[in-house]
Amino acid sequence: MVARSRKTKSLERIGISLDSTLLSMFDKLIAGQGYESRSEAIRDLVRQQLSREFAGDPKAEGVAVVVLVYDHHAANIAEKLIRLQHSHILHAISSLHVHLGAHDCLEIIVLRGRVGRINKMGESLVSMKGVRLGRINLVATETP
Ligand code: NI
């Protein structure tokens, strides 16, 4: 793998005023999460908020992890899931299948593409007949 050179970004320093109670709660929170500095924790908060904003834009680039639990005997669902992924080969980039028990299966499907497109595809997977539990975790990746 060839390492890509990234453009060096200029760093800006900012000052933030917080009351001492809020600051001590924040310090406790980020220490518990393993952050070594406030700057890193604040950068992540800003990125998360920007990512949330971008996730509302159907044209933004993103990835989605779709988690499905289903009974593989139900409604030819295993075959339908495979067919759907093959027909969206550019968006369905990976999947993991775990046999949970005699009947139950867990399928994790990773989608990549425009937020609007992959969200729609995730919804059609979750609403598929036979899916007992389904969840879409979508992250917009267009953040600096
Ligand atoms: Ni299975």
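Treat the numbers as computed from the prediction; the structure is a model and nothing was measured.

Calculation rules
- Residues numbered from 1 in each chain as written.
- Predicted model: local features only at pLDDT ≥ 70, side-chain atom pairs only at ≥ 80, totals over all residues.
- Heavy atoms only, no water.
- Donors = N, O, S within 2.8 Å, 3.2 Å for Na, K, Ca; no water.
- Buried < 20%, exposed > 50% of the residue type's maximum accessible area, 1.4 Å probe, protein only.
- Pairing = 2+ DSSP bridges.
- Helix = DSSP H or I, 4+ residues; strand = E, 2+ residues; numbered from the N terminus.
- Axes fitted to C-alpha atoms, helices over the stretch in contact; angles between N-to-C directions.
- Contact = heavy atoms within 4.5 Å.
- Parallel < 35°, antiparallel > 145°, perpendicular 65-115°, else oblique.
- Nonpolar A, V, L, I, M, F, W, Y, C, P; charged D, E, K, R; others polar.

Caption draft 1: Molecular detail of the coordination of the nickel ion. Coordination of the nickel ion by the protein comes from His-97 (NE2), His-99 (ND1) and Cys-105 (SG), over a distance range of 2.1 to 2.4 Å. Here the donor residues of the nickel ion share one chain and are spaced in sequence as H-x1-H-x5-C. The class of Cys-105 is buried, set by a relative accessible area of 3%.

Caption draft 2: Main features of the sheet that holds strand E2 (residues 92-99). Ordered in space as E2-E3-E1-E4, the four strands form an open sheet in which the pairing is antiparallel. Looking along the sheet, the strands with just one partner apiece sit at the ends: E2 and strand E4 (131-140). Neighbouring strand axes in the sheet, compared pairwise and without regard to direction, differ in orientation by 15° on average. Here 11 bridges tie strand E1 (residues 61-71) to strand E3 (residues 104-114), and the two strands are oriented antiparallel to one another. Bridge pairing in E3 links Val-65 to Val-110. Against the sheet, helix H4 (residues 115-126) engages E1, E2, E3 and E4, with an angle of about 170° to E4.

Caption draft 3: The arrangement of the pairing of E1 in detail. The pairing of E1 with E4 spans nine bridges and is antiparallel. Opposite Val-69, over in E4, you have Leu-133 as the bridge partner.

Caption draft 4: Quick peek at the packing of helix H1 (residues 20-33) against helix H2 (residues 38-55). Put simply, H1 and H2 touch, their axes get as near as 11 Å, and they point 90° apart. With respect to H2, the axis of H1 lies roughly perpendicular. Contact with H1, carried on its side by Leu-23, Phe-26, Asp-27 and Ile-30, involves Arg-38, Ala-41, Ile-42 and Leu-45 of H2 and no other residues of that element. Residues that form the contact of H1 with H2 fall into these classes: six nonpolar, no polar and two charged.

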